[in-house]
Every structure is written in C-alpha cells, then in structure tokens.
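# Per-entry structural report
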Amino acid sequence: MIFKQFGNKSMPVIIFLHGGGLSWWSWKPQIEELQKKYCIVTPIIDGHGEACDTTFVSIKKSGEQVIKYIKDNCNGKVFAICGLSIGAQITVEILSKECDITDNAVIESALVYPIKMTSALTVPMFNISYGLTKKRWSAKLQAKSLNVPDNLFEIYYEESSRMTKKSLINIAISNGNYPMPKTLCNTKAKTLILVGEKELSVMKKSAFLLHETINGSFLKIIKKSGHGEISLIYPKKYINLMQQLFSNSIKEE
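This structure is a prediction, so every number in the text was calculated from the model and none was measured. Throughout, residues of each chain are indexed from 1 in the direction in which the sequence is written. For a predicted model such as this one, the threshold for reporting local features is a pLDDT of at least 70, and the threshold for listing and counting side-chain atom pairs is 80 or more; totals across whole chains, interfaces and linings nevertheless cover every residue. Computation of side-chain values: all heavy atoms of the structure, hydrogens and water removed.

Right, let's talk about the overall build of the chain for a bit. The helix and strand inventory of the chain stands at 10 helices and seven strands. We take the radius of gyration over the C-alpha atoms and set the globule estimate at 2.2 Å times the residue count to the 0.38 power. A compact globule built from 253 residues should have a C-alpha radius of gyration of about 18 Å, and the chain, at 17 Å, falls within 12% of that. Remark: exposure states derive from per-residue accessible area (1.4 Å probe, protein chains only) relative to the maximum for the residue type, with buried under 20%, exposed over 50%, and partly exposed in between. Taking all 253 residues of the chain together, the buried fraction comes to 55%. Residue contacts are counted whenever heavy atoms from the two residues lie within 4.5 Å of one another. By sequence separation, contacts in the chain at least 24 residues apart represent 79% of the contacts at least 6 residues apart. Entry remark: accessible area of the chain is about 11800 Å², with carbon and sulfur atoms responsible for 55%. Numbering goes from the N terminus for both helices and strands, where a helix is a DSSP run of H or I of at least four residues and a strand is a run of E of at least two. In short, Shrake-Rupley with a 1.4 Å probe defines the accessible areas, and a residue's cover is counted only from the protein chains shown.

The structure is reproduced here in structure tokens:
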C-alpha cells in the first residue's frame, strides 16, 4: 500500500480511502479544499493505480496496513478516516479493530451484508470478462456505474486497465463476503454514514445496520444519488457534511 501525503504535516490528519477501481486522485477536490487546514493522507489500496504491481489480498489485510501506518506515523491516532465503497469497508474494519484510532469517521456506501454465491461466481465471471477491462468502451460503462467524473476518465481507464485478474477477483470476493464486524460497536469515533437513495437495497440495508451498530452515529441518505455520487460528483456537499460532523452541527435524519 502506497501512502500519499498532502498539506501541513503538523496539522490534524485526515485519511481518505478510495473505492474499488479508483485511486488517490478520486479525492482531489477534497485534498485541494482541506490541505490548508489538515494533513491529508490518501492510501493507494494494493492492486490499484501506482500500487498495481502489488496484489490486493483482503479488506482485513488492507485495514492492518492502514492501522500500521497510523501507529508508525501518527502516534496511533488521527483526526478522521473517510472511505468510499471498499474504502468504507476498510474504514469499518479499522474502527472494529482499534476503537480509539480516530476522532471522526465517514463511511460512504459500505456493504456489510455478505452476498450469497459471491465466491462461487467471481472466478468464472472474471475468467470470461477480464479482457473487457482493457476495452475503452467497457471502461466507459464501468466508470459511469462508479460515478467517475468525466475529467477523471482518462486516468481511470489507464489505471483500471492495469489491474491484475488476481486483484480484481480478490476485491470482488472480499467486497461481497464482508460481514459486519462484531466489535464495531466498541468504536469511540464520531461517525457519519452516507448512502445514496438510488443505491441497491442491500447497500441501504447495510447503512441502517451500521447506524444501529455504531452508538451515536449519524445516517444521511443522499437524495437522488447513486453509489459514491456525493463524494465523487458533489465534493463540496461531501465536505460540508464532513465539516458539520467535525463541528458537532450535523443533524440526525
């Protein structure tokens, strides 16, 4: 895992964990807006972007890598951890393993209900479809489903086409099989849970379960929005919600 750092090293640390198929660049608007007041750290999850030569293993392994970084570089605690999709699942994993590792957390579109048949179907699916990851037309369809902004398509296409079949299989299996950690209820982080109104019912079900599990958490259902849309397409709205969380001015749904 590669850790990119922006802003002032002496300021409070915010970690942004990207979604599957994306990389640190998906957080560019947040970095530009927040780097004057915070130290921004954007891990590149194994198997993605500049870390494409490493194989993604699991959400658990990724969580361990981020925890080690925080312990080695941030005195064991940061101001905030924010994640999207598989990055949000990694955030959940971190919170479940280290109850006092962050003051704040933003969990956007995290799946915590395992999907049946994920393991059985994933390998055959990628054996058939892996070649499509190299095709521009296929990447355009995938980028649209992920709400990748048009100005980021070229870097998305370039980097997603370099992902190995092994990493893609491991990501799909880890994402689809990830269960709600029993120890998540112990987290002390002030937590905001985000989900799009247009997302799959299992994603909204996951958001409600996270809200029930994390004591004192806030749940926001983003109207007329799909998967990851608020952080990727409307970063100013995302930042506004973050700042409301930080200042204790956020209101419950």
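Take the environment of M203 next. For M203, the position within the fold is in helix α8 (residues 201–213). Since its relative accessible area comes to 9%, M203 is described here as buried. Expressed as a C-alpha distance, the spacing of M203 and V112, which sit 91 residues apart in the sequence, is 8.0 Å.

Quick look at the nonpolar core now. Most often, soluble globular proteins have nonpolar side chains that are buried together. Take the buried residues of types Ala, Val, Leu, Ile, Met, Phe, Trp, Tyr and Cys, join any two whose side-chain atoms come within 4.5 Å, and each joined set is a nonpolar core. If you look at the biggest cluster of nonpolar residues, it comprises 43 residues, and the most contacted ones within it are I15, V66, I70, I81, I94, I107 and L210. Broken down by element, this core gets its largest block of residues, six residues, from helix α3 (residues 86–97). Aside from chain neighbours lying at most four places away, what touches I15 is V41, P43, V66, I70, V78, A80, I81 and C82. Core analysis: the next-biggest nonpolar cluster, separate from the first, contains 37 residues, F218, I230, Y238 and L241 among them.

We now examine unusual backbone geometry. In this model, N75 sits at a positive phi of 55 degrees, which is unusual for a non-glycine residue. Along the chain, N75 turns up in the loop between α2 (59–73) and β4 (78–84). Owing to a relative accessible area of 80%, N75 belongs among the exposed residues under this scheme. One non-glycine residue, S109, adopts positive backbone phi at about 60 degrees. Turning to its location among the elements, S109 is positioned in the loop between β5 (102–108) and α4 (118–129). The exposure class assigned to S109 is buried, which follows from its relative accessible area of 3%.

Our next topic: the packing of aromatic side chains. For Phe, Tyr and Trp, rings pair up if their centres lie within 6.5 Å, where Trp contributes its six-membered ring, and each pair is then called stacked (planes under 30 degrees apart), edge-to-face (over 60) or tilted (otherwise). Inspection of every chain in the model, using the stated rule, returns nine aromatic pairs. Judged by centre distance (4.1 Å) and plane angle (10 degrees), the ring pair of F3 and Y69 falls under stacked. Of this pair, F3 sits in strand β1 (residues 2–7) while Y69 sits in helix α2, and the two are 66 residues apart along the sequence. In this structure F3 comes out as partly exposed when scored by relative accessible area, which is 24%. A residue is classified by how much of its surface remains accessible, and Y69, at 13% relative accessible area, is buried. Ring centres of F153 and Y157 lie 5.9 Å apart, and the angle between their planes is 5 degrees; this geometry places the pair in the stacked category.

In this section: helix α7 (residues 165–177). Counted at 1.5 Å a residue, the expected span for α7 with its 13 residues is 18 Å, and the 18 Å between its end C-alpha atoms agrees. All of the buried residues in α7 are S167, L168, I169, N170, I171, S174 and G176. To estimate how far a helix should extend, the number of its residues minus one is multiplied by 1.5 Å.

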